[in-house]
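Coordinate analysis (summary)
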Amino acid sequence: MCLDGKDGATATLPKASYQKMLEDIVHRELDSDDVAMELSAGSNKGDNYMGVVFRAQAECRQSGKKLNVIIKLPPQNEARRNQFFTRPSFEREISFYTEIYPMMVEFQREKGINVEDGSEAFNQIPHCYQTSLVELEEAIMMGDLKEFGFEMFDRHQEQKFEHFELVMRTLGRYHALSLALKDQHPERIEPHKSMVELFTTREDDGQMDQWFTMLTTRMMEALDQEQDPEVYEKVKNAMDGTFMDKIKELTNGKLAEPYAVICHGDCWNNNMLFKHENGIPVDIRLLDWQIARYASPVLDLMYFLFTASTKRFRDKHYETLLDIYHQSLSSFMRRLGSDPEKLFPRKALDDQLKKFGRFGLFMAVMLLPVITTKSEDVPDLEEMAEKMESGADLSAEVDNFRSESTEGIYREKIVGCCQDMVQLGYI
């Protein structure tokens, strides 16, 4: 197979096994050995923290047929691999593409749903060509959605209501599948109830405790104790104790039964791609399933709503978006042959929000420093991982996730999140 780089560029991945897998995909999909291909970075600095992404653009010299592939690989740096729990995250995401999603596809087909039609089915994920779980050679190779007009929304810009509406409708359908499967085929979903929460695999790690303590301190410094003492005290009490213990409790699927579902787990801006027409989002794809979990469905909602929106936006649209989510879930559950009024009535959603809604606060504490840091200011992740691995003091690293020009945006968002947590009765 002749696989040359275009314009003399080298077309190779970090390891021969990755290259072989990519060549096999290209050969199979283009049905040719005479192919030109070029590789480029598949994401910008600050866009992807748990993997390294490449984009391959291949073209058959004879037919002109093209194929674009996204290659997601683990970090090659050992410290970064260890600190970002690379092995279990790749195991989890590969399990989603090879076990969980195929189970959901089969169930939808049994119900006469056209799985190829996104207006009828839940299919809003990338096409997965091939995966590898070989130790130190993990890989996920997927279709490149960019060629179909999908793009990542700039995390520094404010999304429109239509973006949030599309996310809520999509999550509603996705969560409905778990609830309907539990109702009709509990044996199919049973093996996935025992998924280990990846956030807590390092619960005894002093470095992680230090990291979260510093993030919490930064949030508390943004609050005005004199001007808003109630919010300050309730947030302080909510954050009392170890961060990992709180995450462990909130992500415990047993505590969310009978409403627990297989959650996406990492619902923030950079794990979604939107397709726009005239500036309005008309389609979506959910990416990066590496921390999928079995837990309360509200975890996905809180994760997204409290990291992507402002208090000003939530004041106008929060309840409407919850209604949209529940209506989408209920409608799709009926299509799947189950009764939403028995399995997940609106009151159950409200109860779950009261019980697990504070998860949005913890995700905001962790993600807002990243989201509000400009790409050029994001620290070197491998250097940071080396420091964490060695047990070095991390105080300077938290400050590295800070851009002077966006500090005001961080403070506005984190303060608004805290105020809403109190106003909504979540803390």
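Note that residues are indexed from 1 along each chain, following the sequence as it is written. It should be noted that, the model being predicted, local features are given only for residues of pLDDT at least 70 and side-chain atom pairs only at 80 or more, the latter also being counted only at that level, while totals for whole chains, interfaces and linings use all residues. The side-chain quantities take in all heavy atoms of the structure and omit both hydrogens and water.

Per an unreviewed UniProt entry, the chain is named CHK kinase-like domain-containing protein, and its organism is Aedes aegypti.

Focus on the overall build of the chain
Under the DSSP-based scheme used, a helix requires at least four consecutive residues in state H or I and a strand at least two consecutive residues in state E, with every element numbered from the N terminus. If you tally the helices and strands in the chain, you get 16 helices and 11 strands. For every residue, the accessible area (1.4 Å probe, protein chains only) is compared with the maximum for its type, and the residue is labelled buried under 20%, exposed over 50%, or partly exposed between those bounds. For the chain, buried positions account for 56% of its 427 residues. Contacts in the chain between residues at least 24 apart in sequence constitute 77% of all its contacts with a sequence separation of at least 6. Accessible surface is estimated by sampling points in the Shrake-Rupley manner with a 1.4 Å probe; for residues, cover comes only from the protein chains shown. Put simply, the chain shows about 17800 Å² of open surface, and 46% of that area lies on carbon and sulfur atoms. The contact rule is simple, with two residues in contact once any of their heavy atoms fall within 4.5 Å.

Notes on the environment of N123
The topology assignment puts N123 in the loop between helix 3 (86-110) and strand 5 (128-132). Counting along the chain gives 22 residues from N123 to Y101, while the straight-line C-alpha distance between them is 8.8 Å. Ignoring anything within four residues of it in the chain, the contact list for N123 reads Y101, V115, E116, D117, G118 and R285. Counted as a polar contact is a pair of N or O atoms within 3.5 Å, where, for protein atoms, one must be capable of donating a hydrogen and the other of accepting one, and residues adjacent in sequence contribute only when both atoms are in side chains. Polar contacts involving the side chain of N123 include one to the main-chain carbonyl oxygen of V115, which spans 3.0 Å. In this structure the side chain of N123 is engaged in a polar contact, spanning 3.2 Å, whose partner is the side chain of Q124.

Observations regarding the sheet that holds strand 9 (residues 272-277)
Here, any two strands with at least 2 DSSP bridges between them count as paired. Sheet architecture is open: three strands sit in the order 7-9-10, paired in antiparallel fashion. A strand with exactly one partner marks an edge of an open sheet, and here the two such strands are strand 7 (150-152) and strand 10 (280-286). Mean inter-strand twist for the sheet, computed between neighbouring axes without regard to direction, equals 40°. One ladder, built from three bridges, connects strand 7 with strand 9; its direction is antiparallel. Paired with E151 across the strands is F274, a residue of strand 9. Each of strand 9 and strand 10 touches helix 4 (residues 161-184); the most contacted strand, strand 10, lies at about 40° to it. To get an axis, a line is fitted to the C-alpha atoms, and for a helix only the part in contact is used. The angle between two axes follows their N-to-C directions and goes from 0 to 180 degrees.

Concerning the pairing of strand 5
Here four bridges tie strand 5 to strand 6 (residues 139-143), and the two strands are oriented antiparallel to one another. Its bridge partner lying in strand 6, S132 is registered against A139.

Remarks on the side chain of H192
In this structure, H192 sits in the loop between helix 5 (186-189) and helix 6 (206-222). Discounting chain neighbours no more than four positions away, the residues touching H192 are E99, I100, M103, I262 and Y294.

Looking at the nonpolar core
When a protein is soluble and globular, its nonpolar side chains tend to lie buried together. Core analysis: the largest hydrophobic core is formed by 113 residues, its most contacted members being M168 and M219. Residue ranges assigned to each domain were obtained from an automatic or database domain assignment. Domain assignment of the residues forming this core places at least three in each of domain 1 (18-143) and domain 2 (148-424). Residues contacting M219, with those up to four places away along its chain left out, are V235, M239, L361, V365, Y410, I414 and C418. For our purposes a nonpolar core is just a set of buried Ala, Val, Leu, Ile, Met, Phe, Trp, Tyr and Cys residues, chained together by side-chain atoms within 4.5 Å.

Some details on helix 1 (residues 16-30)
Along its 15 residues, helix 1 runs 21 Å from first to last C-alpha, staying within 8% of the 21 Å computed at 1.5 Å per residue. Of the positions making up helix 1, those classed as buried are Y18, Q19, M21, L22, I25, V26 and L30. Buried residues of helix 1, seen end-on, are gathered within an arc of 165° and therefore sit on one face of the element. Take the residue count of a helix, subtract one, and multiply by 1.5 Å to get its expected span. Taken from the helix axis, the directions to the C-beta atoms give the arc we talk about.

A word on the pattern of salt bridges
We count a salt bridge whenever a side-chain nitrogen from Lys or Arg sits within 4 Å of a carboxyl oxygen from Asp or Glu. This structure, assessed with the given rule, holds 29 salt bridges. E120 is paired through a salt bridge with R335; the nearest N and O atoms lie 3.8 Å apart. Of the two residues, E120 is situated in the loop between helix 3 and strand 5 and R335 in helix 10 (residues 311-335); the sequence distance between them amounts to 215 residues. For E120, a relative accessible area of 25% translates into the label partly exposed.

Side note on the side chain of E407
Looking at the element boundaries, E407 is found in helix 16 (residues 407-423). Among the polar contacts made by the side chain of E407, one reaches the side chain of R218 at a distance of 2.8 Å.

Quick look at the packing of aromatic side chains
Only Phe, Tyr and Trp rings take part, Trp by its six-membered ring, and two of them pair if their centres are within 6.5 Å. Stacked means planes under 30 degrees apart, edge-to-face means over 60, and tilted covers everything else. Tallying each qualifying case throughout the model produces 13 aromatic pairs. Here a set of aromatic residues connected by ring pairs shows up, and it is made of F96, Y97, Y101, F122, Y174 and W289. Positioned over the ring face of F332 is R173, at 5.4 Å from the centre of the ring. Geometrically, a charge over a ring is one whose NZ (Lys) or CZ (Arg) sits within 6 Å of the ring centre while staying within 35 degrees of the ring normal. Above the face of the Y410 ring, R218 is positioned so that its terminal group lies 4.0 Å from the ring centre.

Observations concerning unusual backbone geometry
The peptide bond linking E257 to P258 adopts the cis configuration, its omega dihedral lying at 5°. Position of P258 among the secondary structure elements: in the loop between helix 8 (243-250) and strand 8 (261-263). Non-glycine residue D31 carries a positive phi angle of around 55°. As for its position among the elements, D31 is in the loop between helix 1 and strand 2 (34-41). Accessibility expressed as a relative area gives 67% for D31, which makes it exposed. For D288, which is not a glycine, the phi torsion comes out positive at approximately 55°.

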